[in-house]
Amino acid sequence: MGRPAFLEAGVDEAGRGPLAGPVVVAAVILPSNYELASLDDSKRLTALKRERLVPQIENQAIAYAVEYVEVDEIDHVNILQATMNGMKRAVENLEPAPHHAMIDGNRAPQLSCEVTTVVGGDALIASISAASILAKVYRDRLMVSMHSLYPDYGFDRHKGYPTAYHLERLRNLGPSPSPRTSIAPVRKVIGLSSG
């Protein structure tokens, strides 16, 4: 089977808002005849629906790539630039390479293909929805694995997001593993715990 004439990738991320753990970016090229029921913004789907969709997306995609942007990079360049770096790497890791990338949001990295940003794209464009689901599930799996190593922080409950429970754990236990030290609530806790 030959390469389709025009390949379009959807790109989205999970984890820009948390206080700990990486940002995870996914890029997905879907065929025109994909059969994926319930595709939507990952935040609107239950965890079970997301998990069920992941193998379907992976099996049907022409190509997909998942990129982890680690905390060191986030703290070094800032969350927005780290996310852009991750998007660029995810798209560059697609094989075959896309002709066009649809990026969720209003910012996009410099890519070697055409780029369009779509605000709310994870609820509007199938390939962005698929990328949103992969990014969310891969990140959640990682944070649950962190919970098994550091159960006192409750990563299985909050996945690193700044919930009241997570902030209370930070105040009582000090900085969590894989903290984003460039974020104010984490800096405050580090200041309190070292003072």
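The structure contained in this document is the topic of the report that follows. (Residues numbered from 1 in each chain as written. Predicted model: local features only at pLDDT ≥ 70, side-chain atom pairs only at ≥ 80, totals over all residues. Heavy atoms only, no water.)

### A short note on the side chain of Ser 132
Point 1. In this structure, Ser 132 sits in helix α4 (residues 126-149).
Point 2. At 2.8 Å, the side chain of Ser 132 and the side chain of Ser 42 are in polar contact. (Helix = DSSP H or I, 4+ residues; strand = E, 2+ residues; numbered from the N terminus. Polar contact = N/O pair within 3.5 Å; in protein donor to acceptor, adjacent residues only side chain to side chain.)

### Considerations on the pattern of salt bridges
Point 1. One pass over the full model with this rule turns up nine salt bridges.
Point 2. Among the ionic pairs, Glu 67 bridges to Arg 89, the shortest N-O distance being 2.7 Å. Taken together, the positions of Glu 67 in strand β3 (residues 63-69) and Arg 89 in helix α3 (residues 79-92) put the pair 22 residues apart, joining distant regions of the chain.
Point 3. When salt bridges that share partners are traced, they join Arg 50, Lys 136 and Asp 140 into one network. (Salt bridge = Lys/Arg side-chain N within 4 Å of Asp/Glu carboxyl O.)

### Some words on the packing of helix α1 (residues 47-60) against α4
Point 1. Two elements in contact, α1 and α4, have axes whose closest approach is 9 Å; the angle formed by their N-to-C orientations is 120°. By the angle between their axes, α1 is oblique relative to α4. Where α1 crosses over α4, the two elements pack in a sense that is left-handed. For the pair formed by α1 and α4, the contact residues are Arg 50, Glu 51, Leu 53, Val 54, Ile 57 and Glu 58 on the first element and Ala 130, Ile 133, Leu 134, Lys 136, Val 137, Tyr 138, Asp 140 and Arg 141 on the second.
Point 2. Each residue belonging to the contact of α1 with α4 can be placed in one class, and the counts come to eight nonpolar, no polar and six charged. (Axes fitted to C-alpha atoms, helices over the stretch in contact; angles between N-to-C directions. Parallel < 35°, antiparallel > 145°, perpendicular 65-115°, else oblique. Left-handed = near helix turned anticlockwise from the far one by under 90°. Contact = heavy atoms within 4.5 Å. Nonpolar A, V, L, I, M, F, W, Y, C, P; charged D, E, K, R; others polar.)

### Some points on the environment of Asn 106
Point 1. Position of Asn 106 relative to the elements: it lies in the loop between β4 (100-104) and β5 (114-118).
Point 2. Given a relative accessible area of 58%, Asn 106 falls into the exposed group.
Point 3. Along the backbone, Asn 106 and Tyr 64 are 42 residues apart, and their C-alpha atoms lie at a distance of 22 Å.
Point 4. In this structure, Asn 106 is in contact with Thr 117 and Val 119, ignoring residues within four places of it in sequence. (Buried < 20%, exposed > 50% of the residue type's maximum accessible area, 1.4 Å probe, protein only.)

### Looking at the sheet that holds β4
Point 1. Pairing in this open sheet of five strands is mixed, and the strands run β3-β2-β1-β4-β5 from one edge to the other. Looking at strand neighbours, the two that pair on one side only are β3 and β5, the edges of this open sheet. Across this sheet, the average inter-strand angle for adjacent strands is 20°, counted without regard to direction.
Point 2. Inspection of the sheet shows strand β2 (residues 23-29) paired to β3 by seven bridges, in the antiparallel sense. Note that in β3 the partner of Val 25 across the bridge is Glu 67. (Pairing = 2+ DSSP bridges.)

### Here we look at the nonpolar core
Point 1. Among the nonpolar cores identified, the biggest contains 21 residues, and Val 11, Val 25 and Leu 94 are the most heavily contacted of them.
Point 2. Among the secondary structure elements, those contributing two or more residues to this core are β1 (8-14), β2, β3, α3 and β4.
Point 3. A per-element tally of this core places α3 first, with five residues.
Point 4. Of all hydrophobic cores here, the second largest spans 18 residues; its members include Val 28, Leu 30, Ala 131 and Ile 133. (Core = buried A, V, L, I, M, F, W, Y, C linked by side-chain atoms within 4.5 Å.)

### Looking at helix α6 (residues 164-173)
Point 1. Buried within α6 are the following residues: His 166, Arg 169 and Leu 170. Down the axis of α6, the buried side of the element spans an arc of 100°, and every buried residue falls inside it. Those residues of α6 that are exposed and angled more than 90 degrees off the buried face are Ala 164, Arg 171 and Asn 172.
Point 2. Looking one or two residues past α6, Gly 174 carries a phi angle of roughly 90°, positive in sign. (Arc of directions from axis to C-beta.)

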